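Each chain, written out:
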Amino acid sequence: MQKIAGSFLQRTAPSIRACAKRPITQPVRRCIPQHPPRFYAVAANAPLAEKLRVNGDRLWDDIHYTAQYSLPSPGGITRLCASAEDKLARDWFKDQVMALGADYKVNATGSQFALFPGEDLSIPPIAMGSHLDSVGTGGKFDGPLGVLGALEVIRSLKEQGIKTRAPIVLINWTNEEGARFWPFLGSSIVYAGQSTVEEAHASLTHDGSGVRMGDELKKIGYVGDGPNTFEEFPISAHFEIHVEQADSLEKAGKPIGWFTGWQGMTWYSVSLKGDDGHANTYPMYGRRDALVGAAKMIVELEQLAYDRNGYTTMTNIRSGPWGACNIQSDVRMAFCLMNKDGTLLETMGSDIEAKVKGIAAMHGLEMSMTRDVHLPPGDFWPEATDCIIRACGTEGMAAITGTGHDSTMTTRLVPTGMVVARAKGGWSHSPKEWTDKDDCTKSALALGRAVLNFDDYMKTKAA
Ligand SMILES: [Zn+2]
(Lines give C-alpha, C1' and ligand atoms only; values in the text may rest on other atoms or scores of the structure.)
Protein backbone atom coordinates (compact mmCIF):
# COMPACT_ATOMS: atom_id res chain seq x y z
CA MET A 1 0.00 0.00 0.00
CA GLN A 2 1.30 3.38 -1.02
CA LYS A 3 2.24 5.64 1.87
CA ILE A 4 0.14 8.66 1.06
CA ALA A 5 -1.95 11.05 3.09
CA GLY A 6 -4.87 9.76 1.08
CA SER A 7 -4.27 6.16 2.17
CA PHE A 8 -5.98 4.33 4.99
CA LEU A 9 -2.75 4.28 6.97
CA GLN A 10 -2.28 7.97 7.48
CA ARG A 11 -5.65 9.44 8.12
CA THR A 12 -5.66 12.38 10.47
CA ALA A 13 -8.11 15.09 11.34
CA PRO A 14 -10.56 16.28 8.68
CA SER A 15 -9.26 19.34 6.93
CA ILE A 16 -12.37 20.88 5.44
CA ARG A 17 -14.80 20.70 8.33
CA ALA A 18 -14.57 19.50 11.89
CA CYS A 19 -16.67 16.47 12.73
CA ALA A 20 -19.88 17.90 14.12
CA LYS A 21 -21.14 15.00 16.20
CA ARG A 22 -24.76 15.50 17.08
CA PRO A 23 -27.25 13.32 18.90
CA ILE A 24 -29.37 11.39 16.46
CA THR A 25 -32.51 13.03 17.80
CA GLN A 26 -31.39 16.50 16.82
CA PRO A 27 -33.00 17.74 13.61
CA VAL A 28 -30.81 18.62 10.66
CA ARG A 29 -32.45 21.48 8.77
CA ARG A 30 -30.76 23.25 5.95
CA CYS A 31 -31.90 25.51 3.20
CA ILE A 32 -31.89 23.64 -0.10
CA PRO A 33 -33.29 24.91 -3.37
CA GLN A 34 -36.43 22.92 -4.15
CA HIS A 35 -36.17 23.63 -7.87
CA PRO A 36 -33.58 24.99 -10.24
CA PRO A 37 -33.82 28.78 -10.44
CA ARG A 38 -36.89 29.47 -12.50
CA PHE A 39 -35.76 32.39 -14.62
CA TYR A 40 -32.12 31.55 -15.03
CA ALA A 41 -30.26 28.72 -16.65
CA VAL A 42 -28.95 26.11 -14.19
CA ALA A 43 -25.29 26.84 -13.43
CA ALA A 44 -22.92 25.00 -15.72
CA ASN A 45 -20.92 21.94 -14.79
CA ALA A 46 -17.22 22.23 -14.02
CA PRO A 47 -15.16 21.66 -17.20
CA LEU A 48 -14.10 18.11 -16.23
CA ALA A 49 -17.69 17.22 -15.27
CA GLU A 50 -18.88 18.40 -18.66
CA LYS A 51 -16.30 16.17 -20.32
CA LEU A 52 -17.33 12.99 -18.46
CA ARG A 53 -19.29 10.21 -20.17
CA VAL A 54 -20.35 6.84 -18.67
CA ASN A 55 -20.93 3.46 -20.26
CA GLY A 56 -24.61 2.63 -19.74
CA ASP A 57 -24.32 -0.84 -21.31
CA ARG A 58 -21.62 -1.85 -18.84
CA LEU A 59 -23.60 -0.53 -15.87
CA TRP A 60 -26.74 -2.32 -17.03
CA ASP A 61 -24.78 -5.58 -17.46
CA ASP A 62 -23.35 -5.21 -13.93
CA ILE A 63 -26.81 -4.68 -12.43
CA HIS A 64 -28.15 -7.83 -14.04
CA TYR A 65 -24.99 -9.91 -13.67
CA THR A 66 -24.72 -9.31 -9.93
CA ALA A 67 -28.44 -10.04 -9.47
CA GLN A 68 -27.42 -13.73 -9.63
CA TYR A 69 -25.97 -13.34 -6.10
CA SER A 70 -29.34 -13.93 -4.53
CA LEU A 71 -31.59 -16.55 -3.06
CA PRO A 72 -34.23 -17.65 -5.59
CA SER A 73 -36.21 -14.41 -5.99
CA PRO A 74 -37.90 -14.20 -9.40
CA GLY A 75 -37.61 -10.74 -10.91
CA GLY A 76 -35.69 -9.29 -7.98
CA ILE A 77 -33.07 -10.19 -5.41
CA THR A 78 -32.93 -11.52 -1.87
CA ARG A 79 -29.44 -10.76 -0.63
CA LEU A 80 -29.57 -10.41 3.11
CA CYS A 81 -26.66 -8.89 5.00
CA ALA A 82 -23.78 -11.29 5.75
CA SER A 83 -25.46 -14.18 3.92
CA ALA A 84 -23.66 -16.50 1.46
CA GLU A 85 -25.15 -14.43 -1.39
CA ASP A 86 -23.91 -11.20 0.17
CA LYS A 87 -20.41 -12.72 0.35
CA LEU A 88 -20.49 -13.53 -3.38
CA ALA A 89 -21.56 -9.98 -4.27
CA ARG A 90 -18.86 -8.54 -2.00
CA ASP A 91 -16.18 -10.81 -3.48
CA TRP A 92 -17.21 -9.71 -6.99
CA PHE A 93 -17.05 -6.06 -5.92
CA LYS A 94 -13.57 -6.56 -4.46
CA ASP A 95 -12.34 -8.14 -7.72
CA GLN A 96 -13.66 -5.19 -9.73
CA VAL A 97 -12.05 -2.48 -7.60
CA MET A 98 -8.77 -4.36 -7.27
CA ALA A 99 -8.62 -4.62 -11.07
CA LEU A 100 -8.94 -0.83 -11.14
CA GLY A 101 -5.98 -0.48 -8.76
CA ALA A 102 -7.85 0.40 -5.59
CA ASP A 103 -6.23 0.77 -2.18
CA TYR A 104 -8.76 -1.66 -0.65
CA LYS A 105 -9.88 -2.25 2.94
CA VAL A 106 -12.72 -3.93 4.82
CA ASN A 107 -13.60 -2.49 8.21
CA ALA A 108 -14.79 -4.22 11.38
CA THR A 109 -18.44 -3.87 10.42
CA GLY A 110 -17.77 -5.32 6.98
CA SER A 111 -17.94 -2.20 4.86
CA GLN A 112 -15.71 -2.27 1.80
CA PHE A 113 -13.62 0.81 0.99
CA ALA A 114 -11.89 1.23 -2.39
CA LEU A 115 -9.65 4.28 -2.41
CA PHE A 116 -8.29 5.91 -5.57
CA PRO A 117 -5.67 8.67 -5.39
CA GLY A 118 -6.21 12.24 -6.56
CA GLU A 119 -3.67 14.91 -7.48
CA ASP A 120 -3.58 16.29 -3.93
CA LEU A 121 -3.27 13.44 -1.47
CA SER A 122 -3.60 15.72 1.55
CA ILE A 123 -7.34 16.20 0.94
CA PRO A 124 -9.82 13.73 2.46
CA PRO A 125 -11.40 11.76 -0.37
CA ILE A 126 -14.79 12.44 -1.89
CA ALA A 127 -16.92 9.36 -1.19
CA MET A 128 -19.47 7.61 -3.37
CA GLY A 129 -21.33 4.94 -1.44
CA SER A 130 -24.42 2.81 -1.11
CA HIS A 131 -25.20 -0.83 -0.33
CA LEU A 132 -25.18 -4.23 -2.03
CA ASP A 133 -27.39 -5.91 0.60
CA SER A 134 -31.13 -6.13 -0.06
CA VAL A 135 -34.35 -6.83 1.78
CA GLY A 136 -36.05 -10.21 1.34
CA THR A 137 -37.87 -10.30 -2.03
CA GLY A 138 -36.33 -6.94 -2.89
CA GLY A 139 -35.56 -5.36 -6.25
CA LYS A 140 -32.38 -5.19 -8.31
CA PHE A 141 -31.88 -1.45 -7.97
CA ASP A 142 -32.28 -0.35 -4.34
CA GLY A 143 -28.67 -0.28 -3.23
CA PRO A 144 -26.91 -1.95 -6.17
CA LEU A 145 -27.56 1.04 -8.47
CA GLY A 146 -25.72 3.23 -5.94
CA VAL A 147 -22.66 0.98 -5.70
CA LEU A 148 -22.53 -0.15 -9.32
CA GLY A 149 -23.25 3.37 -10.62
CA ALA A 150 -20.30 4.61 -8.56
CA LEU A 151 -18.13 1.76 -9.88
CA GLU A 152 -19.07 2.81 -13.41
CA VAL A 153 -17.99 6.37 -12.60
CA ILE A 154 -14.56 5.14 -11.44
CA ARG A 155 -14.11 3.04 -14.57
CA SER A 156 -15.11 5.96 -16.79
CA LEU A 157 -12.79 8.41 -15.03
CA LYS A 158 -9.90 5.98 -15.55
CA GLU A 159 -10.69 5.30 -19.20
CA GLN A 160 -11.13 8.96 -20.02
CA GLY A 161 -8.01 10.01 -18.14
CA ILE A 162 -9.97 12.40 -15.93
CA LYS A 163 -7.96 13.13 -12.78
CA THR A 164 -9.58 14.58 -9.68
CA ARG A 165 -7.75 16.83 -7.25
CA ALA A 166 -9.19 15.01 -4.21
CA PRO A 167 -8.85 11.24 -3.87
CA ILE A 168 -12.08 9.29 -4.38
CA VAL A 169 -13.34 6.45 -2.23
CA LEU A 170 -16.04 3.99 -3.24
CA ILE A 171 -17.87 2.42 -0.30
CA ASN A 172 -20.16 -0.61 -0.06
CA TRP A 173 -21.80 0.01 3.32
CA THR A 174 -22.87 -3.02 5.42
CA ASN A 175 -26.47 -3.74 6.50
CA GLU A 176 -28.05 -0.60 5.16
CA GLU A 177 -31.42 -2.31 4.98
CA GLY A 178 -31.64 -3.77 8.46
CA ALA A 179 -33.65 -6.57 6.84
CA ARG A 180 -31.79 -9.29 8.68
CA PHE A 181 -30.11 -7.48 11.58
CA TRP A 182 -31.46 -4.52 13.50
CA PRO A 183 -30.80 -1.59 13.58
CA PHE A 184 -30.44 -0.59 9.95
CA LEU A 185 -27.63 1.61 8.51
CA GLY A 186 -25.54 -0.89 10.49
CA SER A 187 -22.10 0.38 9.50
CA SER A 188 -22.64 4.01 8.45
CA ILE A 189 -24.22 4.60 11.88
CA VAL A 190 -20.89 3.59 13.45
CA TYR A 191 -18.95 5.69 10.95
CA ALA A 192 -21.09 8.69 11.93
CA GLY A 193 -20.32 8.15 15.62
CA GLN A 194 -23.92 7.30 16.51
CA SER A 195 -23.12 3.71 17.51
CA THR A 196 -20.08 1.52 18.14
CA VAL A 197 -18.50 -1.49 16.46
CA GLU A 198 -19.44 -3.56 19.51
CA GLU A 199 -23.09 -2.52 19.27
CA ALA A 200 -23.14 -3.22 15.54
CA HIS A 201 -21.62 -6.67 16.09
CA ALA A 202 -24.28 -7.37 18.70
CA SER A 203 -27.14 -6.50 16.28
CA LEU A 204 -29.61 -9.38 16.38
CA THR A 205 -31.70 -11.00 13.67
CA HIS A 206 -35.42 -10.26 13.63
CA ASP A 207 -36.40 -13.92 14.04
CA GLY A 208 -35.53 -14.19 17.71
CA SER A 209 -32.84 -16.82 17.03
CA GLY A 210 -30.13 -14.79 18.74
CA VAL A 211 -27.85 -14.79 15.67
CA ARG A 212 -25.55 -11.73 15.75
CA MET A 213 -24.28 -9.65 12.87
CA GLY A 214 -20.66 -9.69 14.03
CA ASP A 215 -20.57 -13.51 14.09
CA GLU A 216 -22.20 -13.78 10.67
CA LEU A 217 -19.80 -11.23 9.14
CA LYS A 218 -16.90 -13.20 10.59
CA LYS A 219 -18.27 -16.40 9.04
CA ILE A 220 -18.20 -14.91 5.54
CA GLY A 221 -14.73 -13.37 6.16
CA TYR A 222 -15.83 -9.76 6.30
CA VAL A 223 -14.53 -8.44 9.61
CA GLY A 224 -11.45 -6.44 8.64
CA ASP A 225 -9.03 -3.88 10.02
CA GLY A 226 -10.14 -0.95 7.84
CA PRO A 227 -11.37 2.37 9.22
CA ASN A 228 -14.57 2.34 11.26
CA THR A 229 -15.21 5.98 12.02
CA PHE A 230 -15.01 9.40 10.47
CA GLU A 231 -12.25 10.29 12.93
CA GLU A 232 -10.15 7.39 11.63
CA PHE A 233 -10.90 8.05 7.98
CA PRO A 234 -12.43 11.44 7.20
CA ILE A 235 -14.06 12.14 3.88
CA SER A 236 -14.73 15.49 2.23
CA ALA A 237 -18.24 14.67 1.02
CA HIS A 238 -20.56 11.73 0.31
CA PHE A 239 -22.64 11.22 -2.82
CA GLU A 240 -25.10 8.40 -3.43
CA ILE A 241 -27.47 7.39 -6.22
CA HIS A 242 -30.76 5.87 -5.13
CA VAL A 243 -33.98 4.88 -6.85
CA GLU A 244 -36.74 7.24 -5.79
CA GLN A 245 -38.97 4.62 -4.05
CA ALA A 246 -41.88 6.92 -4.94
CA ASP A 247 -43.35 8.16 -8.20
CA SER A 248 -42.91 11.94 -8.24
CA LEU A 249 -40.20 11.85 -10.94
CA GLU A 250 -42.26 9.48 -13.05
CA LYS A 251 -45.32 11.71 -12.77
CA ALA A 252 -43.28 14.76 -13.75
CA GLY A 253 -41.62 12.93 -16.66
CA LYS A 254 -38.13 13.44 -15.21
CA PRO A 255 -35.49 10.69 -15.39
CA ILE A 256 -33.30 11.92 -12.54
CA GLY A 257 -33.15 14.44 -9.73
CA TRP A 258 -31.89 15.12 -6.23
CA PHE A 259 -33.26 14.50 -2.75
CA THR A 260 -33.55 17.75 -0.84
CA GLY A 261 -33.97 15.83 2.41
CA TRP A 262 -35.70 12.95 4.16
CA GLN A 263 -38.88 12.50 6.12
CA GLY A 264 -38.68 11.76 9.83
CA MET A 265 -38.83 8.17 11.05
CA THR A 266 -39.28 6.32 14.33
CA TRP A 267 -39.14 2.61 15.12
CA TYR A 268 -40.68 0.99 18.19
CA SER A 269 -40.45 -2.50 19.68
CA VAL A 270 -43.34 -3.71 21.82
CA SER A 271 -43.60 -6.84 23.94
CA LEU A 272 -46.97 -8.07 25.27
CA LYS A 273 -47.33 -10.80 27.88
CA GLY A 274 -50.60 -12.48 28.77
CA ASP A 275 -51.62 -15.87 30.20
CA ASP A 276 -50.99 -19.32 28.77
CA GLY A 277 -54.16 -21.36 28.54
CA HIS A 278 -56.10 -23.99 26.61
CA ALA A 279 -57.54 -22.42 23.47
CA ASN A 280 -60.53 -24.79 23.37
CA THR A 281 -61.54 -24.87 26.99
CA TYR A 282 -60.61 -21.69 28.82
CA PRO A 283 -63.60 -19.28 29.05
CA MET A 284 -63.55 -16.41 26.61
CA TYR A 285 -64.23 -13.90 29.33
CA GLY A 286 -61.13 -13.29 31.45
CA ARG A 287 -58.56 -14.38 28.89
CA ARG A 288 -55.31 -12.43 28.64
CA ASP A 289 -54.66 -13.06 24.96
CA ALA A 290 -51.61 -11.07 23.85
CA LEU A 291 -52.35 -11.56 20.15
CA VAL A 292 -55.82 -10.04 20.47
CA GLY A 293 -54.16 -6.98 22.01
CA ALA A 294 -51.64 -6.91 19.17
CA ALA A 295 -54.42 -7.11 16.57
CA LYS A 296 -56.11 -4.03 18.03
CA MET A 297 -52.79 -2.19 18.01
CA ILE A 298 -52.29 -2.95 14.32
CA VAL A 299 -55.69 -1.43 13.54
CA GLU A 300 -54.89 1.67 15.63
CA LEU A 301 -51.50 1.96 13.97
CA GLU A 302 -53.04 2.03 10.50
CA GLN A 303 -55.59 4.67 11.52
CA LEU A 304 -52.83 6.84 12.98
CA ALA A 305 -51.22 7.27 9.54
CA TYR A 306 -54.45 8.72 8.13
CA ASP A 307 -55.08 10.91 11.17
CA ARG A 308 -51.62 12.49 11.07
CA ASN A 309 -50.88 12.48 7.36
CA GLY A 310 -47.93 10.12 7.76
CA TYR A 311 -47.01 6.49 7.21
CA THR A 312 -47.19 3.59 9.66
CA THR A 313 -46.31 -0.07 9.23
CA MET A 314 -46.18 -3.07 11.52
CA THR A 315 -43.00 -4.62 10.10
CA ASN A 316 -42.49 -7.65 12.31
CA ILE A 317 -44.62 -9.77 14.62
CA ARG A 318 -43.83 -12.99 16.48
CA SER A 319 -46.35 -14.77 18.61
CA GLY A 320 -46.25 -17.83 20.84
CA PRO A 321 -46.48 -20.42 22.14
CA TRP A 322 -46.79 -22.29 18.88
CA GLY A 323 -49.51 -24.90 18.75
CA ALA A 324 -53.08 -25.55 17.71
CA CYS A 325 -54.58 -25.21 21.18
CA ASN A 326 -52.63 -22.43 22.88
CA ILE A 327 -53.90 -19.02 23.83
CA GLN A 328 -51.16 -16.66 22.64
CA SER A 329 -49.40 -15.36 25.72
CA ASP A 330 -46.23 -13.85 24.26
CA VAL A 331 -46.14 -11.37 21.37
CA ARG A 332 -43.19 -9.27 20.18
CA MET A 333 -43.63 -6.75 17.43
CA ALA A 334 -41.89 -3.87 15.75
CA PHE A 335 -43.39 -0.98 13.85
CA CYS A 336 -42.36 2.26 12.23
CA LEU A 337 -43.85 5.73 11.97
CA MET A 338 -42.91 8.21 9.24
CA ASN A 339 -43.78 11.84 8.75
CA LYS A 340 -42.30 14.75 6.80
CA ASP A 341 -43.21 17.03 9.71
CA GLY A 342 -41.06 16.54 12.80
CA THR A 343 -43.73 17.84 15.20
CA LEU A 344 -46.36 15.54 13.72
CA LEU A 345 -43.93 12.64 13.99
CA GLU A 346 -43.56 13.33 17.72
CA THR A 347 -47.35 13.54 18.02
CA MET A 348 -47.71 10.20 16.24
CA GLY A 349 -45.29 8.73 18.77
CA SER A 350 -47.21 9.99 21.80
CA ASP A 351 -50.54 8.99 20.20
CA ILE A 352 -49.51 5.41 19.62
CA GLU A 353 -47.81 5.10 23.01
CA ALA A 354 -51.10 6.10 24.66
CA LYS A 355 -53.08 3.65 22.49
CA VAL A 356 -50.73 0.77 23.20
CA LYS A 357 -50.91 1.43 26.95
CA GLY A 358 -54.72 1.60 26.83
CA ILE A 359 -55.09 -1.64 24.87
CA ALA A 360 -52.66 -3.45 27.15
CA ALA A 361 -54.64 -2.25 30.21
CA MET A 362 -57.97 -3.30 28.66
CA HIS A 363 -56.70 -6.86 28.08
CA GLY A 364 -54.70 -7.12 31.30
CA LEU A 365 -51.42 -7.52 29.39
CA GLU A 366 -47.97 -6.74 30.69
CA MET A 367 -46.43 -4.37 28.21
CA SER A 368 -43.00 -2.98 27.48
CA MET A 369 -42.29 -0.53 24.71
CA THR A 370 -39.04 0.98 23.48
CA ARG A 371 -38.31 3.61 20.87
CA ASP A 372 -35.33 2.00 19.13
CA VAL A 373 -34.56 4.53 16.42
CA HIS A 374 -35.66 8.11 15.99
CA LEU A 375 -34.46 10.24 13.11
CA PRO A 376 -36.18 13.60 12.70
CA PRO A 377 -36.68 14.96 9.19
CA GLY A 378 -33.81 16.95 7.73
CA ASP A 379 -32.14 18.31 4.63
CA PHE A 380 -28.97 17.41 2.80
CA TRP A 381 -26.20 19.96 2.30
CA PRO A 382 -26.77 22.78 -0.19
CA GLU A 383 -23.15 22.75 -1.41
CA ALA A 384 -23.38 19.03 -2.28
CA THR A 385 -26.91 19.24 -3.66
CA ASP A 386 -25.97 22.20 -5.84
CA CYS A 387 -23.31 20.00 -7.49
CA ILE A 388 -26.06 17.46 -8.32
CA ILE A 389 -28.47 20.12 -9.57
CA ARG A 390 -25.79 21.33 -11.99
CA ALA A 391 -25.04 17.73 -12.98
CA CYS A 392 -28.72 17.05 -13.75
CA GLY A 393 -29.08 20.16 -15.90
CA THR A 394 -32.57 20.49 -17.33
CA GLU A 395 -33.35 16.80 -16.78
CA GLY A 396 -33.55 16.92 -12.98
CA MET A 397 -36.08 17.80 -10.32
CA ALA A 398 -36.22 17.88 -6.54
CA ALA A 399 -37.75 15.08 -4.47
CA ILE A 400 -37.73 14.05 -0.83
CA THR A 401 -36.83 10.57 0.33
CA GLY A 402 -39.29 8.75 2.54
CA THR A 403 -36.68 6.68 4.33
CA GLY A 404 -33.16 6.46 5.73
CA HIS A 405 -29.99 5.84 3.71
CA ASP A 406 -26.28 5.68 4.45
CA SER A 407 -26.26 9.28 3.27
CA THR A 408 -28.57 10.25 6.15
CA MET A 409 -25.66 9.21 8.39
CA THR A 410 -22.81 10.83 6.45
CA THR A 411 -24.82 14.06 6.22
CA ARG A 412 -24.25 14.44 9.97
CA LEU A 413 -20.55 14.83 9.19
CA VAL A 414 -19.84 16.27 5.76
CA PRO A 415 -21.56 17.75 2.69
CA THR A 416 -23.79 14.96 1.42
CA GLY A 417 -26.11 14.80 -1.56
CA MET A 418 -28.25 12.13 -3.19
CA VAL A 419 -28.90 11.61 -6.90
CA VAL A 420 -32.36 10.17 -7.54
CA ALA A 421 -33.31 7.83 -10.38
CA ARG A 422 -36.90 7.46 -11.63
CA ALA A 423 -38.62 4.35 -10.23
CA LYS A 424 -41.34 2.75 -12.30
CA GLY A 425 -44.65 3.01 -10.44
CA GLY A 426 -42.70 4.05 -7.35
CA TRP A 427 -42.18 0.35 -6.51
CA SER A 428 -39.34 -0.56 -4.13
CA HIS A 429 -38.54 -3.43 -1.75
CA SER A 430 -40.35 -5.59 -4.29
CA PRO A 431 -39.40 -7.61 -7.36
CA LYS A 432 -41.49 -5.03 -9.24
CA GLU A 433 -38.83 -2.40 -8.53
CA TRP A 434 -37.60 -1.13 -11.90
CA THR A 435 -35.51 1.70 -13.31
CA ASP A 436 -34.99 1.87 -17.07
CA LYS A 437 -31.50 1.45 -18.48
CA ASP A 438 -31.42 4.99 -19.77
CA ASP A 439 -32.38 6.38 -16.34
CA CYS A 440 -29.69 4.26 -14.64
CA THR A 441 -27.14 5.65 -17.12
CA LYS A 442 -28.26 9.23 -16.52
CA SER A 443 -28.09 8.77 -12.75
CA ALA A 444 -24.53 7.43 -12.96
CA LEU A 445 -23.49 10.32 -15.17
CA ALA A 446 -25.09 12.78 -12.72
CA LEU A 447 -23.22 11.10 -9.85
CA GLY A 448 -19.88 11.35 -11.64
CA ARG A 449 -20.49 14.94 -12.66
CA ALA A 450 -21.61 15.87 -9.14
CA VAL A 451 -18.36 14.46 -7.73
CA LEU A 452 -16.31 16.41 -10.31
CA ASN A 453 -18.33 19.56 -9.58
CA PHE A 454 -17.63 19.12 -5.88
CA ASP A 455 -13.93 18.55 -6.56
CA ASP A 456 -13.91 21.81 -8.51
CA TYR A 457 -15.87 23.58 -5.74
CA MET A 458 -13.28 22.54 -3.14
CA LYS A 459 -10.47 23.68 -5.44
CA THR A 460 -12.11 27.10 -5.86
CA LYS A 461 -12.72 27.36 -2.13
CA ALA A 462 -9.09 26.51 -1.33
CA ALA A 463 -7.72 29.02 -3.88
ZN1 LIG B 1 -31.37 1.50 -0.29
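- The name an unreviewed UniProt entry gives the chain is N-carbamoyl-L-amino-acid hydrolase, with Lophiotrema nucula as the organism.

1. Some remarks on the packing of helix H11 (residues 382–392) against helix H13 (residues 437–462)
Thinking step 1. At their nearest, the axes of H11 and H13 sit 8 Å apart, and the two run at 130° to each other. The angle between the axes of H11 and H13 places the two elements in the oblique class. In this structure, H11 meets H13 at a crossing whose hand is right-handed. From H11, Glu383, Ala384, Cys387, Ile388, Arg390, Ala391 and Cys392 reach across to H13, where they touch Ala446, Arg449, Ala450, Asn453, Phe454 and Tyr457.
Thinking step 2. For the contact of H11 with H13, a count of residues per class yields nine nonpolar, one polar and three charged.

2. Quick look at the environment of Thr460
Thinking step 1. Structurally, the position occupied by Thr460 is in helix H13.
Thinking step 2. Placed 317 residues apart in sequence, Thr460 and Gly143 show a C-alpha to C-alpha distance of 32 Å.

3. Quick notes on the pairing of strand E9 (residues 264–273)
Thinking step 1. Within E9, seven of the ten residues are buried, leaving the element largely enclosed by the surrounding structure.
Thinking step 2. Pairing of E9 with strand E11 (residues 330–339), which is carried by ten bridges, proceeds in the antiparallel orientation. Looking at E11, one finds that Ser271 is bridged to Arg332.
Thinking step 3. Bridge count for E9 against strand E12 (residues 366–375) is nine bridges, and the pairing is antiparallel. Its bridge partner lying in E12, Leu272 is registered against Met367.

4. Examining the packing of helix H4 (residues 144–159) against H13
A pair of packed helices is characterised by two quantities: the angle between their axes and the separation of those axes.
Thinking step 1. In the contact formed by H4 and H13, the axes pass within 9 Å of each other and the chain directions differ by 60°. If you check the angle between H4 and H13, you find them oblique. Of the two possible hands of crossing, H4 and H13 adopt the one that is right-handed. Residues Leu145, Gly149, Ala150, Glu152, Val153 and Ser156 of H4 form the contact with H13, whose participating residues are Cys440, Ser443, Ala444, Leu447, Gly448 and Val451.
Thinking step 2. Split into classes, the residues belonging to the contact of H4 with H13 amount to seven nonpolar, four polar and one charged.

5. Quick look at the nonpolar core
Thinking step 1. One finds Leu170, Val419, Leu447, Ala450 and Val451 to be the most contacted residues of the largest nonpolar core, which totals 95 residues.
Thinking step 2. With ten residues, the top contributor of residues to this core is H13.
Thinking step 3. Contact partners of Leu447, with chain neighbours within four places excluded, come to Met128, Gly149, Ala150, Val153, Phe239, Ile241 and Val419.
Thinking step 4. Among the nonpolar cores identified, the runner-up in size contains 23 residues, and Trp267, Val270, Leu301 and Leu375 belong to it.

What counts and what doesn't
Residues numbered from 1 in each chain as written. Predicted model: local features only at pLDDT ≥ 70, side-chain atom pairs only at ≥ 80, totals over all residues. Axes fitted to C-alpha atoms, helices over the stretch in contact; angles between N-to-C directions. Helix = DSSP H or I, 4+ residues; strand = E, 2+ residues; numbered from the N terminus. Parallel < 35°, antiparallel > 145°, perpendicular 65-115°, else oblique. Left-handed = near helix turned anticlockwise from the far one by under 90°. Contact = placed C-beta atoms within 7 Å. Nonpolar A, V, L, I, M, F, W, Y, C, P; charged D, E, K, R; others polar. Buried ≥ 20, exposed ≤ 12 C-beta atoms within 10 Å, placed from the backbone. Pairing = 2+ DSSP bridges. Core = buried A, V, L, I, M, F, W, Y, C linked by C-beta atoms within 7 Å.

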